[in-house]
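A closer look at the structure
Given next are the chains, with one letter for each unit.
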Amino acid sequence: MNIEHLADWPSFQLVEHDLIEGAPPLGAVDRVYHLASPASPPGYQRHPLETMRVNSEGSRHLLDLATAHGASYLYASTSEAYGDPLEHPQRESYRGNVSTTGPRSMYDEAKRYGEALAMAYLRAHGTLARIVRIFNTYGPRSDPHDGRLVPNFIVQALRNEPMTVYGDGQQTRSLCYVSDLVEGLYRAMECPGATGEVTNLGNPDEHTVLEFATIIRELAGSSAPIIYTEPAVGDDPQRRRPDIDKARALLGWEPEVALRDGLARTIAAFRAELGPGDLACAS
Ligand code: UDP
């Protein structure tokens, strides 16, 4: 499990609970981070109903919990709230270009509802809610098999298997290293001025998918071929880069880990986690 290293911390407690059924049995709380949702396209497309429910009913349960205890609430929304954006880079004021029925709608619309619900609680009950829109994040202890760009390319490169670029690979993303994102989440939670605000959290260093494949291949010391496959199923956003002026001004935050550094650390962690057996089996 990816939280094993926390088990010995005296202040750490793991409660396994289905948020869709109700708030977890926690007693008094003073901070509520709602991070409970699949975030990988194959993950949320495999679980469309659970994705919608955890961001709607699950949000309601956590907002009730936060409201009852006067706790601060942080909702992990997403760059997918902008859909396939017609504005570039994406500022928080952009309202997005989202399909209500397309193959990503169970995630995009659920997250947009989760944002609206947080604001409704703030207006109706004075809940100390804040929203962050998280752009693509990567790093050690992420699931090597969750189907996203970074895990796929690293595992494929380490196994010397074909690296699967969907479509022509000219679509862009901006990848943020996990420790930077965590620092941004923490600051958004602790900043009183962030209450009632929506803030982008991401790294504006934008590259094409093909460039990511090439960089990962090089850093992994791999000779894997890069192949072009069918484009991803529908509505794959063509360009994505956060405007983080607001995060800089409001939270004093910006990412510090450079792409190549973060990828090198992630490759090392995946190499250690997967082990020689795992890596040899498919080559
Ligand atoms: N992608 C790819 N090959 C893969 C996995 C992803 O070309 O094996 C592309 C995907 O089509 C998208 C980008 O990489 O354009 C990022 O995909 P990811 O699933 O990581 O997240 P998204 O940003 O689409 O939510």
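Note: the structure precedes this text.
Residues numbered from 1 in each chain as written. Predicted model: local features only at pLDDT ≥ 70, side-chain atom pairs only at ≥ 80, totals over all residues. Heavy atoms only, no water.

Generally speaking, nonpolar side chains in soluble globular proteins are found buried as a group. Phe153 and Ile216 are the most contacted members of the largest nonpolar core, which totals 26 residues. Broken down by secondary-structure element, the contributors of at least two residues to this core are helix H4 (149-158), strand S5 (163-166), helix H6 (209-219) and helix H8 (259-280). Ranked by the residues each element gives to this core, the list is headed by H4, at 7 residues. Discounting chain neighbours no more than four positions away, the residues touching isoleucine 216 are Phe153, Ile154, Ala157, Met163, Leu263 and Ile267. Within the second largest apolar cluster, 19 residues are counted, among which are Val32, Ala71, Leu117 and Ile131. (Core = buried A, V, L, I, M, F, W, Y, C linked by side-chain atoms within 4.5 Å. Buried < 20%, exposed > 50% of the residue type's maximum accessible area, 1.4 Å probe, protein only. Helix = DSSP H or I, 4+ residues; strand = E, 2+ residues; numbered from the N terminus. Contact = heavy atoms within 4.5 Å.)

Below, the discussion takes up the layout of surface pockets. There is about 230 Å³ of room inside the second largest pocket. What lines the second largest pocket is a set of 13 residues, and nearest its centre among them are Tyr94, Arg95, Arg112, Glu115 and Arg133. Elements with a contribution of two residues or more to the lining of the second largest pocket: helix H3 (105-125) and strand S3 (128-134). A per-element tally of the lining of the second largest pocket places H3 first, with 4 residues. Here the lining of the second largest pocket is built from residues that sort into 7 nonpolar, 1 polar and 5 charged. (1 Å grid on protein atoms, 1.4 Å probe; cavity = no way out; pocket = protein on both sides within 12 Å on 5 of 7 lines; lining within 4 Å. Points joined across faces, edges and corners; volume = space filled by probe spheres on them. Nonpolar A, V, L, I, M, F, W, Y, C, P; charged D, E, K, R; others polar.)

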